[in-house]
Structures are given as C-alpha cells and as structure tokens.
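# Architecture and fold: a report
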Amino acid sequence: MSRIGMKPISIPEGVKVGLSDFVLRIEGPKGELSQNIHENIKVEIKPNEIIVSRPDETKFNKSLHGLMRSLIFNMVKGVTEGFERVLEINGVGYKAQKQGNKLLMNLGYSHQVFVEEQDDIKLDVSGNKVKVSGIDKQKVGQFAANIRSKRPPEPYQGKGIKYLEEIIKRKEGKAGKSAKK
C-alpha cells in the first residue's frame, strides 16, 4: 500500500485545478503548471482537495500512485509558494554577478562562465550565494545542477560550487599522509 499516494492533497485558496483528457492543469498566484496523468491513475477533484487512486495492487500501479501524488503535490506547492535552491561559490577569486538576464561567474578558468536565465527560472546573486527560484521543482533542481556542474566542489580544498546545505567530505593531501607515519 502506498503511504504517500493515499494522502489527499489540499487545495489552498486562490488555486484553480482542472482535469481534461489525462492532463491536469493547476493555476495559482505564481503561475500555471500542467502534468500528464498516466491512464492507470484516477484523479478526483473535490472542492478543497485532490484524491489520487489506483485501479489495482500491481507493483507498477503502486509505484505510479505515489509518483503521481507527489508530482501533483509539488505542482500545488509550486504555484502557491514556489521552489528555490541556493548555491554557494567557494574559492579564492571565485565570484558571481548578474548582468541583465545572465549570470557571469569567475571560477578559476582562463575564461568567464555565462549562464542565461530562463523565462520561468529566476536568479538572484548576493555575495557568494546564487539563488535559483521558480514554480516547477524539477526545472529549478535541474537548472541548479547545471550551474553546479560548471565547477563541482573538490574534496581537498573545498573550492567550487556547492549547494548551501551540502556537506563536502574533505580529504587529506600528500602532506597529511606522511605526517601520520
């Protein structure tokens, strides 16, 4: 039994939900999102909640049940509150600044790295932190991962771009190994 799939999703004030031809549309104060619903999953829209159910107990339908419920919940949360990921840039001379709709980063390469802002993704820079925000959780996470991939953190000195909550396991260098003998 899916524990997540059985929970109803409450619909906050100001959010409109519509279902037509296996496409669920959710519109809220921050924007509008749509999601294709698998034909095996049944979605009921009641006045204050959305209920997701499955036809039988097969493993495939159980996995789809929880997935669809999570996707719909993230859509409702996205159009009301939005999502954000914060990246931290560490390293001597490593910095980021915003020029118009582009993010300009100096990451220790011989060239500057540019990342262009998308329509539904917003970038804010304050000091050595870059905040990626938007209404679609998957797009925000993927965009933040793309920025992080420009210079992932390295384990010896900790230089690079990391998520704010990420903990980098530090390694000893050559000098640390010989000092223990």
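Fair warning: this is a prediction, and the values are worked out from it, not measured in the lab. Residue numbers restart at each chain and count upward from 1, following the sequence in its written direction. Given that the model is predicted, a residue must reach a pLDDT of at least 70 before its local features are reported, and side-chain atom pairs must reach 80 or more before they are shown or counted; all residues, however, enter totals for whole chains, interfaces and linings. The side-chain figures draw on all heavy atoms in the structure; neither hydrogens nor water molecules are used.

## Re the overall build of the chain
Think of it this way: any DSSP run of H or I at least four residues long counts as a helix, any run of E at least two long counts as a strand, and we number them from the N terminus. Counting its regular elements, the chain contains three helices and 13 strands. Restricting the calculation to C-alpha atoms gives the radius of gyration, and the globule rule supplies 2.2 Å times the number of residues raised to the power 0.38. Relative to its length of 181 residues, the chain is extended, with a C-alpha radius of gyration of 22 Å against a globular reference of 16 Å. Oriented by its inertia axes, the alpha-carbon framework of the chain measures out at about 65 × 50 × 25 Å. The 181 residues of the chain split such that 32% are buried. Of the roughly 11,500 Å² that the chain leaves accessible, carbon and sulfur atoms contribute 50%. His residues and chain termini do not enter the charge count, which takes Lys and Arg as positive and Asp and Glu as negative. A charged residue contributes its charge at one atom only: NZ of Lys, CZ of Arg, CG of Asp or CD of Glu. With 33 positive and 22 negative side-chain charges, the chain shows a spacing of 11 Å between the two charge centroids. Accessible area is worked out with a 1.4 Å probe on protein chains only. A residue is then buried under 20% of its type maximum, exposed over 50%, and partly exposed in between. A 1.4 Å probe and the Shrake-Rupley method give the accessible areas. Residues count as covered only by the protein chains that appear here.

## As for the sheet that holds strand β13 (residues 160-163)
The strand order across the open sheet formed by four strands is β11-β12-β7-β13, and the pairing between neighbours is antiparallel. Sheet topology places β11 (121-126) and β13 at the edges, where each strand pairs with a single neighbour. Sheet twist, expressed as the mean angle between neighbouring strand axes with direction ignored, is 25 degrees. A pair of strands is labelled paired if DSSP reports no fewer than 2 bridges between them. With six bridges joining them, strand β7 (residues 83-90) and strand β12 (residues 129-134) adopt antiparallel strand pairing. A fitted line through C-alpha atoms represents every axis, and for helices the fit uses only the stretch in contact; the resulting angles, taken between N-to-C directions, go from 0 to 180 degrees.

## Considerations on the pattern of salt bridges
The salt bridge definition used is simple: a Lys or Arg side-chain nitrogen within 4 Å of an Asp or Glu carboxyl oxygen. Going through the model one piece at a time under the given rule, you end up with eight salt bridges. Here Lys162 ties to Glu88 by a salt bridge, and the two come within 3.2 Å at their closest N and O atoms. With a gap of 74 residues between them, Lys162 in strand β13 and Glu88 in strand β7 connect regions that are remote in the sequence. We note that Lys162, like Glu88, is buried. Notably, a salt bridge pairs Glu117 with Lys98, separated by 2.9 Å at the nearest N-O pair. Pair noted here: Glu117 is in the loop between β10 (113-116) and β11 and Lys98 is in strand β8 (residues 95-99), with a separation of 19 residues, a long-range link. With a relative accessible area of 16%, Glu117 lands in the buried category.

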